[in-house]
Amino acid sequence: MEKDRRLMIYCLLLAAICIPVFTGEWKANVVKELKALVTSCVVVPCSFTHPGPNLPTSKLRGIWHQSNNRGDLIYDEDETSISENFRGRTKLLGHLGQKNCTLEMSKIKDHDNGPFCFRIELAQRTVTSDPEKFSFLEDCVEFKMLPDPPKPKLHHLKTAYQGRPYTVTCSVKHTCPYDPPKLTWSRATADVPNVVHKETHLGNWEVESILTIIPEEKDDHTDITCTANFNGPKTSSAMLTLYVKRSKNYNHIIIPTVVAIGTAVIFAVFCVLMVKRYKRQIAALQRGDGSVWNRLSRMSRRIRSDGPGPSRSDQRSTWSRFLRRPKADIVDMSHIPKNLNSKYCDYQKVSKPRFPSPKSQPKSYNHQEEDFDGGDVYENSADLSTYGNI
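Residues numbered from 1 in each chain as written. Predicted model: local features only at pLDDT ≥ 70, side-chain atom pairs only at ≥ 80, totals over all residues. Heavy atoms only, no water.

- As named in an unreviewed UniProt entry, the protein chain is Sialic acid-binding Ig-like lectin 14 isoform X3, taken from Gymnodraco acuticeps.

Written out as structure tokens, the structure reads:
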């Protein structure tokens, strides 16, 4: 009796050492709640841990079932055991050997609320033995059904400036990362909009599209629309009105100023060239024989003179030529008879030519020297000698 008791104690200790107690050590991590769009899809992130080394996928079997009925399966490797309502709409995305039990459910219906729980089973050791099962009833997921898709959100500056790049960001949340919604823009651009996928938190994703445009004046008060196309298909959109602020334009000031400055510069250059040209002409005249310059000087002096007749210098030059006539031309009166003196004097009084006074002559501006040539005076003296011979 004592031996049997000792043997029992030994077996229990051996069982405690050699056979691990899996029930308290296997754990699962499943998101508690997700939003599911009707007619779209949803992905449930799931992972589990177990004691000991990693087990191959071939020795593990993953099952998803209703929380209130373990026999109502929504996923199993054997599709015949899946409930007809979920058959063909669920699949396991993760690998059990990597401790990944992520589930995807497509074509969501409005009654697919859940909650749904995960269970893992170990392969049978023998044909007659039952497989070991580990259910995680405390870690189940429940869906919040969305009849309409969420609307995209637009992030942008309030005012756009003409000629400057303007960026608009469109984002929408979803729970189906393997078939995310597609974002399209109503405004066509040369560059393809940049698209980014990111996970905001466990089980929730966001797709983002970045549009960059260069607005013009004609784009003021125009609309830009971002449309999200979900799997199903279902769509939602968001719109913004573009307000374009005109860039400051100083052309109405710059252009007239430039024209005025250019005109002034051209006129100044023209004046400088003309002054240089006339200076060269004057210098050329001054370097000449001076006859033309002297004539112009005498003409200007005559115009400025006040008297109607010739100048005093001209008068003195004329009378000096008259007084310097030759002595041979003087009439010799000694051979004339005395009785003829009176007659001759009478005749001489009558026929003596009178020389006009310089003051009585009209002013002549040209050829003053030629008008008072000494030839006429000498001709009169010759006449007198003729009368003497008579």
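That covers the picture; the talk isn't over yet.
1. Looking at the UniProt feature "transmembrane region" (unreviewed entry) in the protein chain
In step 1: Taken from the UniProt record, the annotation "transmembrane region" (unreviewed entry) applies to residues 253-275.
In step 2: Annotated as 100% helix and 0% strand, the span residues 253-275 places its first and last C-alpha atoms 33 Å apart. (UniProt positions renumbered as here; feature names shortened; annotations may be inferred. Helix = DSSP H or I, 4+ residues; strand = E, 2+ residues; numbered from the N terminus.)

2. Digging into the state of the cysteines
Simply put, the disulfide is a covalent bond whose two ends are the sulfur atoms of two cysteines.
In step 1: Taken as a whole, this structure holds four disulfides when the rule is applied.
In step 2: A disulfide bridge connects Cys41 with Cys176, and the sulfur atoms are separated by 1.6 Å. Linking Cys41 and Cys176, the disulfide has an S-S dihedral of approximately -85° and is accordingly described as left-handed. Here Cys41, found in the loop between strand E2 (33-37) and strand E3 (42-44), pairs with Cys176, found in the loop between strand E13 (166-174) and strand E14 (182-185); they are 135 residues apart in sequence, far enough to count as distant. (Disulfide = S-S within 2.5 Å.)

3. Quick notes on the packing of aromatic side chains
In step 1: Here the structure, examined in full by the defined rule, presents seven aromatic pairs.
In step 2: Centre to centre, the rings of Trp26 and Phe134 are 4.8 Å apart; their planes meet at 5°, and the pair counts as stacked. Of this pair, Trp26 sits in the loop between helix H1 (2-18) and strand E1 (27-30) while Phe134 sits in strand E10 (residues 133-146); the two residues are 108 residues apart in sequence, bridging distant segments of the chain. The same class applies to Trp26 as to Phe134, namely buried.
In step 3: With a centroid separation of 5.6 Å and an interplanar angle of 50°, the aromatic rings of Phe116 and Phe143 are classed as tilted. Within this pair, whereas Phe116 is found in strand E9 (residues 116-122), its partner Phe143 is found in strand E10, the two being separated by 27 residues in sequence.
In step 4: We classify Phe116 as buried; its relative accessible area is 1%. (Phe/Tyr/Trp six-rings, centres within 6.5 Å; stacked < 30°, edge-to-face > 60°. Buried < 20%, exposed > 50% of the residue type's maximum accessible area, 1.4 Å probe, protein only.)

4. Side note on unusual backbone geometry
In step 1: Pro115 follows Gly114 through a cis peptide bond whose omega is 0°.
In step 2: Looking at where Pro115 falls in the secondary structure, it is placed in the loop between strand E8 (103-105) and E9.

5. Some details on the sheet that holds E3
In step 1: Ordered by their spatial adjacency, three strands build an open sheet running E3-E8-E7, and the pairing between neighbours is antiparallel. For this open sheet the edge positions go to E3 and strand E7 (90-92), each flanked by a neighbour on one side alone. The sheet shows a mean angle of 20° between the axes of neighbouring strands, direction not considered.
In step 2: Two elements, E3 and E8, share three bridges in a ladder whose sense is antiparallel. (Pairing = 2+ DSSP bridges. Axes fitted to C-alpha atoms, helices over the stretch in contact; angles between N-to-C directions.)

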